[in-house]
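Summary of structural features
One letter stands for each residue in the lines below.
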Amino acid sequence: MTRVLVWDVPTRLFHWLLAGAFLPAFVIALTTDDDGRLFPVHMLLGLVAAFIVGLRLLWGVVGSRPSRLSSFALRPSDLWAYARGAITGGARRLWTGHNPGASWAALVMFACVVGLAASGILMSRGVEAVEEVHEVLAWTLMGTVGVHLAGIVLHTLREREVIALSMLDGRRVGAPGDAIASPRPIAGLAFLALTGAWTGGLVQSYDPATSSVVVPVIGAQLLLGEGGEGGEGDDHEDEDEDD
Ligand code: HEM
Ligand code: HEM
């Protein structure tokens with residue numbers, strides 16, 4: 001069988017930007033103190049991750065067929081058959097888009113990032129009650145990434161297909177009829193431009209004196225240091241605010 005184009009440019013860009021935002025955000029959170037100098041980077045990366053998941057969900061409606069959420073294999077019976085095949089090595093169906101395991105893993109990852117951003121924002125506004133939710137979501141996401149990577153290794157060995165390559169060149173083994181017509185490069189550029197504008201807006205508005213940013217489009221101020229009771233960035237008595 002030949003390798004056919006299934007993942008368009010926006011989906012591939014999304015994938016590597018998400019991995020590139022999540023992993024350092026996770027490492028920073030585990031290795032530095034929440035009032036340390038690097039911690040605002042943790043929150044910035046998390047806000048970027050949430051933004052690109054938002055774009056990915058939009059692309060899940062208007063994107064190329066295999067990238068659409070409606071193409072995800074979410075039927076419980078398919079997941080069950082897939083899990084049985086993966087464990088026993090028995091009869092397996094080849095999926096050109098996401099298989100049931102990857103479809104569910106992707107959804108869980110999208111949901112975790114959205115939940116992490118929501119709980120993170122709440123914490124930075126002083127709602128400490130969601131701290132455990134944030135932690136559980138972070139570890140659920142990390143666990144899902146672990147299973148995701150294990151699935152990729154398993155697939156590579158069993159099917160003798162270096163599937164990791166598919167997130168680079170967009171191609172994987174499939175029937176010619178499963179191929180998409182275009183890699184959608186213009187949408188890829190738009191994806192990069194929007195993500196760049198969002199990230200640039202956050203970074204530019206960063207005020208080290210108050211450790212706060214202004215969220216682009218929404219215009220709300222968000223504290224990236226430790227949240228206080230009032231949460232709006234005006235309650236840090238120990239910082240000089242005379243500029
Ligand atoms: C070296 C590391 C990684 C490799 C080689 C890799 C590879 C892949 C591949 C090949 C797929 C497509 C699976 C399929 O055919 O169904 C995929 C999908 C996906 N991966 Fe990864 N991945 C890596 C790391 C990560 C990390 C760290 C994350 C999350 C933070 C992640 C999140 C996802 C998501 C969300 C999808 C679904 C893509 C979509 O539909 O938008 N991956 N990955
Ligand atoms: C990809 C997204 C994110 C991941 C993977 C992530 C992960 C984590 C992890 C693992 C911790 C450490 C929990 C602990 O053991 O103490 C943490 C703490 C924290 N995160 Fe995130 N986070 C993300 C996004 C965000 C965002 C967007 C914000 C805020 C805008 C945020 C704000 C915080 C705060 C304030 C803490 C400190 C909690 C405390 O110890 O008081 N995070 N995060």
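Quick look at the structure, then.

How each quantity is defined
Residues numbered from 1 in each chain as written. Chains lettered and ligands numbered in written order. Predicted model: local features only at pLDDT ≥ 70, side-chain atom pairs only at ≥ 80, totals over all residues. Heavy atoms only, no water. Helix = DSSP H or I, 4+ residues; strand = E, 2+ residues; numbered from the N terminus. Polar contact = N/O pair within 3.5 Å; in protein donor to acceptor, adjacent residues only side chain to side chain. Phe/Tyr/Trp six-rings, centres within 6.5 Å; stacked < 30°, edge-to-face > 60°. Buried < 20%, exposed > 50% of the residue type's maximum accessible area, 1.4 Å probe, protein only. 1 Å grid on protein atoms, 1.4 Å probe; cavity = no way out; pocket = protein on both sides within 12 Å on 5 of 7 lines; lining within 4 Å. Points joined across faces, edges and corners; volume = space filled by probe spheres on them. Nonpolar A, V, L, I, M, F, W, Y, C, P; charged D, E, K, R; others polar. Near = heavy atom within 4 Å. Sits in = over half its atoms within 2 Å of the grid points. Donors = N, O, S within 2.8 Å, 3.2 Å for Na, K, Ca; no water. Tetrahedral: all angles 85-135°; square planar, octahedral: opposite > 155°, others 65-115°.

As for its position among the elements, Thr210 is in the loop between α7 (185-205) and β3 (212-214). Among the polar contacts listed, one links the side chain of Thr210 to the side chain of Ser212, at a separation of 2.8 Å.

Within this structure, the stated rule accounts for four aromatic pairs. Taken together, a centroid distance of 5.8 Å and an interplanar angle of 70° make the contact between Phe14 and Phe110 edge-to-face. Of this pair, Phe14 sits in helix α1 (residues 9-31) while Phe110 is found in helix α4 (residues 100-124), placing the two residues 96 residues apart along the sequence. Accessibility assignment for this pair places Phe14 and Phe110 in one class, buried. Both rings, one in Phe22 and one in Phe26, keep their centres 5.6 Å apart while their planes meet at 40°; by these two values the pair is tilted. In this pair, Phe22 and Phe26 both sit in helix α1, four residues apart, roughly one turn of the helix.

Glancing now at the layout of surface pockets. Size it by volume and the second largest pocket reaches roughly 830 Å³. Lining the second largest pocket are 35 residues, and of these Ala29, Phe39, His42, Met123 and His134 sit closest to its centre. For the lining of the second largest pocket, the elements supplying multiple residues, two or more each, are α1, α2 (39-62), α4 and α5 (131-159). Taken together, the residues that form the lining of the second largest pocket break down as 22 nonpolar, eight polar and five charged.

Inspection of the region around ligand 2 gives 19 residues, with Ala29, Asp34, His42, Gly120 and His134 positioned closest. A distance of 2.8 Å is found between an oxygen atom of ligand 2 and a side-chain nitrogen or oxygen belonging to Asp34. The separation between a nitrogen atom of ligand 2 and a polar side-chain atom of His134 is 2.8 Å. Assessed atom by atom at 2 Å from the grid points, ligand 2 resides in the second largest pocket. For the shell around ligand 2, the secondary-structure elements that each account for two or more residues are α1, α2, α4 and α5. A class-by-class count of the residues in the shell around ligand 2 yields 12 nonpolar, four polar and three charged.

Quick look at the coordination of the iron atom of ligand 2 now. Tetrahedral coordination by four donors sets the ideal angle at the metal to 109.5 degrees; octahedral coordination by six donors sets it to 90 or 180 degrees. With distances of 2.0 Å, the protein atoms coordinating the iron atom of ligand 2 are His42 (NE2) and His134 (NE2). For the iron atom of ligand 2, the six donor atoms in the first shell make angles of 88 to 179° at the metal, so the coordination geometry reads as octahedral. Pair noted here: His42 is in helix α2 and His134 is in helix α5, with a separation of 92 residues, a long-range link. Residue His42 is classed as buried on the basis of its relative accessible area, which comes to 14%.

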